[in-house]
Amino acid sequence: MVQLTLPKNSRIGKGKRHRAPSGAGRLKLFRIYRYDPEGNENPRWDEYEVKVDECGPMVLDVLIHIKNTMDATLAFRRSCREGVCGSCAMNIGGRNTLACTHGWEEVPGEAVVVAPLPSQPVVKDLIPDLSLFYAQYASIEPWLHTTTPQPQTEWRQAPEDREKLDGLYECILCACCSTSCPSYWWNEERYLGPAALLHAYRWIIDSRDEATGERLDALEDPFKLYRCHTILNCAQVCPKGLNPAKAIAEVKRMLVERTV
Ligand code: SF4
Ligand code: SF4
Ligand code: FES
């Protein structure tokens, strides 16, 4: 029988409770994953009683409030605060999403539970290590491949061809989709995952790109593409409303069509 051994520090313990300062106002409990892989301690859930009237409506507003007024050691990523950069992706109330566009009042339950994106190593607290995710994105060569001589002004594209990129180019590489995909959890070293595959499709169907055959060849692999089992978590969590599963299905269809 297979012996499964949990890695060191895989048990999450109970952490500290940070009480709200006295005074009137609405209180909401936030339960936040804390972990420093460089230390000797196991991960823990810290709890924060937050005076929500003192912060904005989004989960990111609350995290910033906690960091500024309650616990400066809390680590998380953010940049744009507008749902554009993708850096604040995390798991909120059991769902991968962007902290800057997700209102804490949307999260049901007595406490708002906030954890890093699942299945990735943790750099610290809510910051996942996305090195593999970015390497997979780079592997699909996300730029125009051409062999014809460069035009004097620009590579032109008909409006109807440009429209084919809608629903694809808007991806902000937040990784919410890939890290919610069970196939990716189980095969992340070999399966490219929904985000990278959505981008692969975006370049395959770009009318200006001249490497369609090579791009399809590169994906014709039992693991890189065919680990997608159409579970559709990716489309359900994408904060930009994109559908990576549909793009993956299109790539599979193109591979079938070119063999018949
Ligand atoms: S549809 Fe495919 S890529 Fe999307 S979550 Fe399911 S298995 Fe993963
Ligand atoms: S497809 Fe959506 S969820 Fe996936 S990386 Fe792009 S924006 Fe994020
Ligand atoms: S901070 Fe940029 S997407 Fe949330």
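Residues numbered from 1 in each chain as written. Chains lettered and ligands numbered in written order. Predicted model: local features only at pLDDT ≥ 70, side-chain atom pairs only at ≥ 80, totals over all residues.

### What to know about the sheet that holds strand β5 (residues 95-98)
Okay, step 1: Taken in spatial order, the six strands line up as β1-β3-β2-β6-β4-β5 in an open sheet, and their pairing is mixed. The open sheet terminates on both sides in strands that have one partner only, identified here as β1 (13-18) and β5. The average undirected angle you get between the axes of adjacent strands in this sheet is 30°.
Okay, step 2: Here strand β2 (residues 27-34) runs beside strand β3 (residues 44-51); their pairing, made up of eight bridges, is antiparallel. Residue pairing across strands places L29 opposite E49, the latter belonging to β3.
Okay, step 3: Across the face of the sheet, helix α1 (residues 59-69) comes into contact with β2, β3, β4 (89-92) and β6 (111-115) while running at roughly 95° to β3. (Pairing = 2+ DSSP bridges. Helix = DSSP H or I, 4+ residues; strand = E, 2+ residues; numbered from the N terminus. Axes fitted to C-alpha atoms, helices over the stretch in contact; angles between N-to-C directions. Contact = placed C-beta atoms within 7 Å.)

### A short note on the site of ligand 2
Okay, step 1: Among the 14 residues in the neighbourhood of ligand 2, the closest are listed as C171, C174, C177, A195 and C238.
Okay, step 2: Among the elements that take part in the shell around ligand 2, helix α5 (residues 193-204) stands out by supplying three residues, more than any other.
Okay, step 3: Looking at the shell around ligand 2 residue by residue, the classes come out as 13 nonpolar, no polar and one charged. (Near = placed C-beta within 6 Å. Nonpolar A, V, L, I, M, F, W, Y, C, P; charged D, E, K, R; others polar.)

### Section: the packing of α5 against helix α6 (residues 212-219)
For any two helices packed against each other, the geometry is given by the interaxial angle and the distance between the axes.
Okay, step 1: Packing of α5 against α6 leaves a shortest axis separation of 9 Å and a crossing angle of 155°. As summarised for this structure, α5 and α6 are arranged roughly antiparallel, according to the angle between their axes. When the axes of α5 and α6 are compared, the crossing they make is left-handed. Contacts from A200, W203 and I204 of α5 reach α6 at T212, R215, L216 and L219.
Okay, step 2: For the contact of α5 with α6, the residue count by class is five nonpolar, one polar and one charged. (Parallel < 35°, antiparallel > 145°, perpendicular 65-115°, else oblique. Left-handed = near helix turned anticlockwise from the far one by under 90°.)

Limitation: the analysis is restricted to geometry and does not speak to function.
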